[in-house]
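Listed here are the chains, written in short residue letters.
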Amino acid sequence: MKYTVFFFFFSLFAIGQTDLEKAEQFLADKQFTKAQDLMVSYVMHHPDHRKAIELLGDIYGHQKKWDEAIENYKILVDLSPKTANYHYKYGGALGMKALSISKIKAVGIIGDAKHEFITAADLDPKHINTRWALVELYMQLPGIIGGSKSKALKYADELQNLSKVDGYLAKGYIYEYDKEFVSAEKYYKLAIVEGGSFLCYEKLTNLYEHQKQYDKAIANMEVAYNKHQQNLLNYQIGKVSVDYNVQLDKGEAHLKMYLKNYSKADEMPKAWANFRLAQICKLLKNKPEALSYIELAISELPKEDAFKKEKTVILSLK
């Protein structure tokens, strides 16, 4: 009898694990309805299963169903009030809910979100995501409802103690948000020296673009490409070149490199690189080449209106 009971519970455990794994895979594949249906049924039969409840909250969050996500994360906070990550997710869902409603209605919810983030930070002195959330929250809130640059910098300092790269990026974000662009550039450059990730370079590139320093943006992307060899950077260099009519020869060379190195893993379809090449040729008054590239783009994505409009402009060239 003992063995029968053992195998019965083992069987149930194995089925449960399979359901969770299936739901996680559905979520990864963005099959949200399937993931949701599976977890709703599972949680109904296992109302105290924290991992399942958390996963269901995550599934709702990916669908921007904030009320449902809030409900599930609140259950987790009640079940385990000392778990920092539950407070962090609960606060995040509350914050996203606040962004989806009127500013007047959002005030109370924002206060609750801030409380949850602070609780998570107090519970776990090493929780990086919570400190990032507090940096962004304190910078984005108006001072009259609790915004504070000094408090944002406080959490950025805590981030820097945990991870120099995160601290530098947080300070870059704070100073960029506050339009102190020299200081923002300084900290983004420090992040590149310390960590050198693709994200670090991207933050500095975005700063240069916002400041209309397009030559600096292109130069930074070239350094990033030499380090990381991410083909998308070739496309982005070409796009900046076209959008702002700078270094067109360099933009053309990088777009051709994007096409040469293209694989299915690349985010932008080849059609968009051909579209950008057509635009460069248009700017260089090379009508035949421009037509050749825009025809390629249209053949690859025939329903794209931007391509058809560009062809009309190119045909009008003298």
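What counts, and at which threshold
All chains use their own residue numbering, which begins from 1 and follows the written sequence. Local features in this predicted model are restricted to residues of pLDDT 70 or higher, and side-chain atom pairs are both shown and tallied only at a pLDDT of 80 or more, whereas totals for entire chains, interfaces and linings draw on every residue. To get the side-chain values, all heavy atoms of the structure are used, and hydrogens and water are removed first. In this description a helix means any DSSP run of H or I spanning at least four residues, a strand means any run of E spanning at least two, and both kinds are numbered starting from the N terminus. For this measure, only C-alpha atoms enter the radius of gyration; the expected value for a globule follows 2.2 Å times N^0.38, where N is the number of residues. Using a 1.4 Å probe on the protein chains alone, a residue whose accessible area is under 20% of its type maximum counts as buried, one over 50% counts as exposed, and one in between counts as partly exposed. A contact between two residues is defined here by any heavy atoms of the two lying within 4.5 Å. Positive charges are assigned to Lys and Arg, negative charges to Asp and Glu, while His and the chain termini are left out of the count. By convention, the point assigned to a charge is CZ for Arg, NZ for Lys, CD for Glu and CG for Asp. The criterion is simple. A nonpolar core is a set of buried Ala, Val, Leu, Ile, Met, Phe, Trp, Tyr and Cys residues joined through side-chain atoms within 4.5 Å. Stacked, edge-to-face and tilted labels apply to pairs of Phe, Tyr and Trp rings (six-membered ring for Trp) whose centres lie within 6.5 Å, assigned for plane angles under 30 degrees, over 60, and everything in between, in that order. Polar contact is defined as a pair of N or O atoms within 3.5 Å, subject to the rule that within protein one atom must be able to donate a hydrogen and the other to accept it, and that residues adjacent in sequence are counted only when both atoms are side-chain atoms. Take the residue count of a helix, subtract one, and multiply by 1.5 Å to get its expected span. To obtain the bend at a residue, axes are fitted to the seven residues ending there and to the seven starting there, and the angle between these axes is taken. pLDDT is a residue-level measure of predictor confidence that goes from 0 to 100. Within this document, salt bridges are pairs made up of a side-chain nitrogen of Lys or Arg and a carboxyl oxygen of Asp or Glu, the two lying within 4 Å of each other.

K.L.:
Before we move on, can you summarise the overall build of the protein chain with the specific residues and values?
P.N.:
Secondary structure assignment for the protein chain yields 17 helices and 0 strands. For 318 residues, the compact-globule estimate of 2.2 N^0.38 gives 20 Å, and the C-alpha radius of gyration of the protein chain, at 25 Å, exceeds that figure by more than 25%. Projecting the C-alpha coordinates of the protein chain onto the three principal axes gives extents of approximately 85 × 50 × 40 Å. Taken across its 318 residues, the protein chain has 44% of its residues classed as buried. Put simply, of all contacts in the protein chain between residues at least 6 apart along the chain, 48% involve residues at least 24 apart. Of the charged side chains in the protein chain, 44 are positive and 40 negative; the average position of the first set lies 3 Å away from that of the second.

K.L.:
Would you mind going over the nonpolar core in detail, with residue names and values included?
P.N.:
Counting 70 residues, the largest nonpolar core has Met39, Leu55, Val135, Leu169, Tyr173, Ile174 and Tyr188 as its most contacted members. For Met39, the contacting residues outside a window of four places in its chain are Asp19, Leu20, Ala23, Ala52, Leu55, Leu56 and Ile59. Cys281, Ala290, Ile294 and Ile298 belong to the second-largest nonpolar core, a separate cluster that totals 22 residues.

K.L.:
Requested: an account of the packing of aromatic side chains, with residues and values cited.
P.N.:
Within this structure, the stated rule accounts for 11 aromatic pairs. Aromatic pair Tyr138 and Tyr155: ring centres 6.2 Å apart, planes at 10°, arrangement stacked. Remark: Tyr155 occurs in helix 8 (residues 149-162) and Tyr138 occurs in helix 7 (residues 128-140); sequence separation between them is 17 residues. Both residues of the pair, Tyr138 and Tyr155, belong to the buried class. With a centroid separation of 5.9 Å and 65° between ring planes, the pair formed by Tyr258 and Tyr262 is classed as edge-to-face.

K.L.:
Residues and numbers for the side chain of Asn274, please.
P.N.:
Within the secondary structure layout, Asn274 lies in helix 15 (residues 270-283). On the basis of relative accessible area, Asn274 is assigned to the buried category, the value being 4%. Engagement of the side chain of Asn274 in a polar contact is seen with the side chain of Glu300, the distance being 3.3 Å. Residues in contact with Asn274, not counting those within four places in the same chain, are Leu259, Tyr293, Leu296, Ala297 and Glu300.

K.L.:
Report on helix 6 (residues 103-123), specifying residues and quantitative values.
P.N.:
Taking 1.5 Å as the rise per residue, helix 6 with 21 residues should run 30 Å; its terminal C-alpha atoms sit 30 Å apart, in good agreement. Helix geometry: helix 6 is bent most strongly at Ile109, by close to 30°. Those residues of helix 6 that are buried are in contact with helix 4 (66-79), helix 5 (84-99), helix 7 and helix 8.

K.L.:
Outline unusual backbone geometry, listing residues and values.
P.N.:
Phi at Gln247 is positive, roughly 45°, even though this residue is not glycine. Structurally, Gln247 can be placed in the loop between helix 13 (232-244) and helix 14 (248-261). On the basis of relative accessibility, which here comes to 29%, the residue Gln247 falls in the partly exposed class. Its identity as a non-glycine residue notwithstanding, Lys285 has a phi of 65°, on the positive side.

K.L.:
A description of the confidence of the model for the protein chain should follow, citing residues and the corresponding values.
P.N.:
In the predicted model, the protein chain carries a mean pLDDT of 92, and 94% of its residues have values of at least 70. Here helix 1 (residues 2-28) is the element of the protein chain with the lowest mean pLDDT, 65, and helix 10 (residues 181-194) is the one with the highest, 98. Here residues 9-13 is modelled with pLDDT under 50, and outside its nearest four sequence neighbours on either side it reaches 0 contacts, counting other chains as well.

K.L.:
Please provide a residue-by-residue account of the environment of Leu232, values included.
P.N.:
Along the chain, Leu232 falls in helix 13. Overall, Leu232 belongs to the buried group, its relative accessible area being 12%. Through-space distance from the C-alpha of Leu232 to that of Gln213 is 20 Å; in sequence the pair is 19 residues apart. Once residues within four sequence positions are removed from consideration, Leu232 is found in contact with Tyr258, Asp266, Glu267 and Met268.

K.L.:
Tell me about the environment of Ala106, and name the residues and values.
P.N.:
Along the chain, the position of Ala106 falls in helix 6. Its relative accessible area of 4% is what places Ala106 among the buried residues. Sequence separation of Ala106 and Met96 is 10 residues, and the distance between their C-alpha atoms is 9.9 Å. Apart from residues lying up to four places away in sequence, Ala106 is in contact with Ala98 and Ile101.

K.L.:
I'd like to hear about the pattern of salt bridges, residue by residue, with values.
P.N.:
One pass over the full model with this rule turns up 18 salt bridges. Among the salt bridges present, the one from Lys154 reaches Glu158, with a minimum N-O distance of 2.9 Å. Of this pair, Lys154 and Glu158 both sit in helix 8, 4 residues apart, which is roughly one turn of that helix. With relative accessibility at 23%, the residue Glu158 sits in the partly exposed group. Glu222 serves as the salt-bridge partner of Lys250, at 3.2 Å between the closest nitrogen and oxygen. Taken together, the residues span a long stretch of sequence, with Lys250 in helix 14 and Glu222 in helix 12 (residues 214-228) at a distance of 28 residues.

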